[in-house]
Amino acid sequence: MKKNKMIKSLLSSAMFASALIMVSCSDIPSHPSDSETRVAGSISCTVDDTTVVINPLDSYLGNSFIRGFDTSADTEQSVSYKNTSGNDCDLYETLYEFGVNWVRLRVWNNPASSKNPSVPGKSDKSTVVAQAVRAKAAGHKVLLDFHYSDYWADPGKQLIPEVWLNYTTSDQMADAVSDYTTEVLEAMVDAGAQPDMIQIGNEISSGMLKHKALDSSENPTDAADAVRGDFCSANYFKYLAAGIEAARAACPDAKIMLHFTDIERNNPLNYLEKFSDLDYDIVGLSYYAEWASHGTLASLGTKIAEIKETYKKDVLVAETNAHYKYSDENDVLSEQHTANLVNADGAVYAGILTNADGEIIASVQNQANIVRAIIDVTAKNGGIGVFEWGGEYLGAWNSMFAGSGKPLASLAVFNIQ
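Residues numbered from 1 in each chain as written. Predicted model: local features only at pLDDT ≥ 70, side-chain atom pairs only at ≥ 80, totals over all residues. Heavy atoms only, no water.

### Focus on the packing of helix 6 (residues 297-311) against helix 8 (residues 364-380)
Now for step 1: Orientation of helix 6 relative to helix 8, taken along the N-to-C sense of each, is 30 degrees, at an axis distance of 8 Å. Accordingly, the angle class assigned to the pair helix 6 and helix 8 is roughly parallel. Helix 8 is crossed by helix 6, and the crossing has right-handed handedness. Each of Leu297, Leu300, Gly301 and Ile304 in helix 6 lies in contact with helix 8, whose residues at this interface are Ala373, Ile374, Val377 and Thr378. (Axes fitted to C-alpha atoms, helices over the stretch in contact; angles between N-to-C directions. Helix = DSSP H or I, 4+ residues; strand = E, 2+ residues; numbered from the N terminus. Parallel < 35°, antiparallel > 145°, perpendicular 65-115°, else oblique. Left-handed = near helix turned anticlockwise from the far one by under 90°. Contact = heavy atoms within 4.5 Å.)

### A closer look at helix 4 (residues 170-190)
Now for step 1: An ideal rise of 1.5 Å per residue puts 30 Å on 21 residues; helix 4 measures up with 30 Å between its terminal C-alpha atoms.
Now for step 2: Where helix 4 is concerned, the buried positions are Ser170, Met173, Ala174, Ala176, Val177, Tyr180, Thr181, Val184, Leu185 and Met188. Each buried residue of helix 4 sits inside an arc of 160 degrees when the element is viewed along its axis, so together they form one side. Away from its buried face by more than 90 degrees, helix 4 exposes Asp179 and Asp190.
Now for step 3: Where the residues of helix 4 are buried, they touch strand 5 (102-107), helix 3 (125-138), strand 6 (141-146), strand 7 (197-200) and helix 5 (234-250).
Now for step 4: Looking one or two places after helix 4, you find Gly192, whose phi comes out positive at around 75 degrees. (Expected span 1.5 Å × (residues − 1). Buried < 20%, exposed > 50% of the residue type's maximum accessible area, 1.4 Å probe, protein only. Arc of directions from axis to C-beta.)

### Some thoughts on the environment of Thr320
Now for step 1: Tracing the backbone shows Thr320 in strand 12 (residues 314-320).
Now for step 2: Distance in space between the C-alpha atoms of Thr320 and Leu285 is 9.0 Å, their sequence separation being 35 residues.
Now for step 3: Thr320 has contacts with Tyr287, Tyr288, Ile374, Val386, Phe387, Glu388 and Trp389, leaving out every residue within four places of it along the chain.

The analysis is restricted to geometry; functional conclusions fall outside its scope.
Below, the structure is given as structure tokens:
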């Protein structure tokens, strides 16, 4: 889409005054190229009857800052994505127009396995290749997230793919990690959609490839000791090394990321020294303010700065989100969702709106304010970017798209400077 006249005027000037950039959102400014400069100023965006105003940051981000968005579930939606006029559109083009410059895509080994009959084909190799092609065509860089599982991998479950369950040695498992990593990446390269960053494992703070099944209560059953990849065990590092080596060979220009969560309870500064023999570039952190185990915004900033200084690795927030509503009956977020949204003095982070009782308001405006605060904390402490997670689930409480398929005005936060 064409830039509106105000955007053109401001971009052609060398001044970065605190101008109010009026964005109708039916005429979102084109995503700036690497040679262009984003305008530093407040953004006003209106979609339907909702207007959001997003204030500039204290420091200038620049175009290299990762303004990321996880789009993994876009093929699972029953409603088409729409533009602000209500017409069908491609999700990746809309995100690019709103300022997003990276997308994150998960890949599951075989989501159609017998353990997950309700999700055939979702986030498998063919799906993620097609998604990456669309993302690249729209102008995005791509982060590929290997779960090394047939479905969700996270601290509570790191399920070994069904077809790997018969392996009895760690060498067999490491070979499978290597072969599968190569298979997926070669398919992406062949499609002209190779990733720019590769994540080896998802939220690996408890280990990887360590469970063989879940019971009816979703309690994991441990695999045999010979193959289980408990956190910081010999097998764990063997599997990570196998994935990294395969990724380097298939996509030598891509950055390699390791992804951790529960960063308040399991501080990465306490264990990253053990990772010194691994050939990786970036530490990725999950940060969800509703979980006590993730800590406060102030604590997140401290960890980013200290990891960067101590281990000389780039750091980014690989997953985060903010709710625009709490429930259909309430217009404030619960204490669980807000207790961590504070600065070093314990006060609600600047720009996040509260009501007369000090409760954090649930609104499209405050969704943008909270994401802005997370970007602010990350950038001020030397982080290289932030990825929104769950924003593609239409109409969900933490989505950045309405149930109709239209973007929410809060999505304009990714154009902030």
